[in-house]
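# A closer look at the structure
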Amino acid sequence: MTEKKAIIETGWNFDNSYARLPESFFSRFNPTPVRSPKLIILNDPLATSLGLNVQALQSNDGVADLAGNQIPEGALPLAQAYAGHQFGHFNLLGDGRALLLGEQITPLGERVDIQLKGAGKTPYSRRGDGRAALGPMLREYIISEAMYALGIATTRSLAVVSTGELVIRETNLPGAILTRVAASHLRVGTFQFVSNWGTEEDLRALADYTLQRHFPEVDADVNRYLFLLQEVIKRQAVLIAKWQLVGFIHGVMNTDNMAISGETIDYGPCAFMDAYDPATVFSSIDIHGRYAYGNQPPIAAWNLARFAETLLPLLHDNKEQAIELAQDAISDFSALYHRNWLKGMRAKLGIFNEELQDESLIEGLLSMMQKYGADYTNTFRALTFDKPEDTVLVGTTEFDQWHDLWQARLGRQQEPKDSSHQLMRSSNPALIPRNHRVEDALEAAVQQGDYSVMERLLAVLSNPFAHTPEQSEYATLPAQSTCAYRTFCGT
Ligand SMILES: Nc1ncnc2c1ncn2[C@@H]1O[C@H](COP(=O)(O)OP(=O)(O)OP(=O)(O)O)[C@@H](O)[C@H]1O
Ligand SMILES: [Mg+2]
């Protein structure tokens, strides 16, 4: 007689606070089942930290949950409504291919959104098919997890399942669904939606919900909506500085792709910069360079101004005073951003204390990197390990002079050389997800069904400050220049 196997609980522990908001904020909608779901990758440590059972998620039942083929107990799937300025143009959007299953309450009592991206049509799909292709979903998995390991606030990736169905793009591509984990999916665009199409009461409900979810520390005696604006600005100032410091280019910083939580969201056409150049753009659709590397800080400020506009009715009864409060808050962004960036740059150069000339020292290095087309990440690695021969800057008199200035600067602080070195090691990643490496991993996965290249890449990216020999090997630049590298979004 065979013993009946004990059923392993998956560990879903859903609450559905978003579903309790006004009905116009979302549409209750179920995922569309897919033909033959197969688990491609599962993030075991993330699953465990969410209180989920890895074995159960790997079972047929678990995969059915991750594919949208069945609805886990306690989930209440819905598509969130939002609007957004896309390349400056305002549109009504909403989750056209994503569905929120609910909020998982983790064993530590944290609340995170569990969302299926690519789960089928929703009322906001417009002319889209509601689906996603395997390549871009694996790409989002790799880069979001690399960002997390780099210490940058981001949505996480729990799993990718292939659907056994094709999606029609320029060619037919294998379809997939990504399970995304986020502090929330509240976007600047969510506020824009409610501000444009909702009542003031709706707006207050959304703002109060956001405060409760992300900023519960708000004091009773302050202007709570001004506090919300200021805190969101602070988080974005930290986030964008971190992007700039690692050379991350988001690629599509529309207001619907800016999360109120301060997490990086939507890894569509993003990529990491190789040679330092503020004009770097990867997205094939960004023909005017609106979202170029060097434009990211001002674009963030622009998006935050759109956020501030939505809050005007809540900031003050008097419109002029509301505008003044909003403008003051927004004008703080660039100083806040700059402070974070400067702090990070000092750390990248092993500098602990502050000197007025630090900025010109940093600018001196960056302009040399730009002039000689030096690789951004590898130049900082070369400085960290005192191997200037590893950067193309070596041999130029400019660099020798700059190096002397930098060494003299390090000499003017109390901390010993070794502490500077440690600071640099922990501030300069050994490697970033290089475009050619990511492409190689995706090609092996999608074309040959060989996931080993991706798994190795994920392993080395998971500890970017370890500076192991294997990482050095991954840090090599592509044989050919990647100047022509272009990413595509919306697939
Ligand atoms: N295949 C598709 N079918 C339906 N809607 C889509 C599709 N692709 C994109 N959209 C919608 O178009 C809008 C803009 O797309 P964008 O590329 O910013 O988002 P995304 O990558 O789908 O999702 P997210 O921002 O949630 O990561 C969003 O409202 C999105 O839901
Ligand atoms: Mg998006």
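From a predicted model like this one, the values you see are computed outputs, not experimental measurements.

Before going further, it helps to examine the overall build of the protein chain. Within the protein chain, the regular secondary structure consists of 16 helices and 13 strands. Against the 2.2 N^0.38 benchmark of 23 Å for 491 residues, the protein chain shows a C-alpha radius of gyration of 23 Å, consistent with a compact globule. With the C-alpha coordinates of the protein chain rotated into their principal frame, the extents come out at 70 × 70 × 45 Å. Each of the 491 residues in the protein chain was classed as buried or not, and the buried ones make up 57%. Sequence separation of 24 or more characterises 71% of the internal contacts of the protein chain that already satisfy a separation of 6 or more.

Turning next to the UniProt feature "active site" (unreviewed entry) in the protein chain. Under the UniProt annotation, the feature "active site" (unreviewed entry) is placed at Asp256. With respect to the helices and strands, Asp256 occurs in the loop between strand 12 (248–249) and strand 13 (271–272).

The next subject is the UniProt feature "binding site: Mg(2+)" (unreviewed entry) in the protein chain. In the UniProt entry, the feature "binding site: Mg(2+)" (unreviewed entry) is given for Asn257 and Asp266. Looking at where Asn257 falls in the secondary structure, it is placed in the loop between strand 12 and strand 13. Look past the residues within four positions of Asn257 in its chain and what remains in contact with it is Arg187, His250, Val252, Ile265 and Asp266. Polar contacts involving the side chain of Asn257 include one to the main-chain carbonyl oxygen of Val252, which spans 3.0 Å. Mapped onto the fold, Asp266 is located in the loop between strand 12 and strand 13. Those residues in contact with Asp266, other than ones at most four positions away along the chain, are Lys117, Arg180, His250 and Asn257. A distance of 3.3 Å separates a polar atom in the side chain of Asp266 from a polar atom in the side chain of Asn257.

Thresholds, definitions, all that
Residues numbered from 1 in each chain as written. Chains lettered and ligands numbered in written order. Predicted model: local features only at pLDDT ≥ 70, side-chain atom pairs only at ≥ 80, totals over all residues. Heavy atoms only, no water. Helix = DSSP H or I, 4+ residues; strand = E, 2+ residues; numbered from the N terminus. Rg over C-alpha atoms; globule rule 2.2 N^0.38 Å. Buried < 20%, exposed > 50% of the residue type's maximum accessible area, 1.4 Å probe, protein only. Contact = heavy atoms within 4.5 Å. UniProt positions renumbered as here; feature names shortened; annotations may be inferred. Polar contact = N/O pair within 3.5 Å; in protein donor to acceptor, adjacent residues only side chain to side chain.

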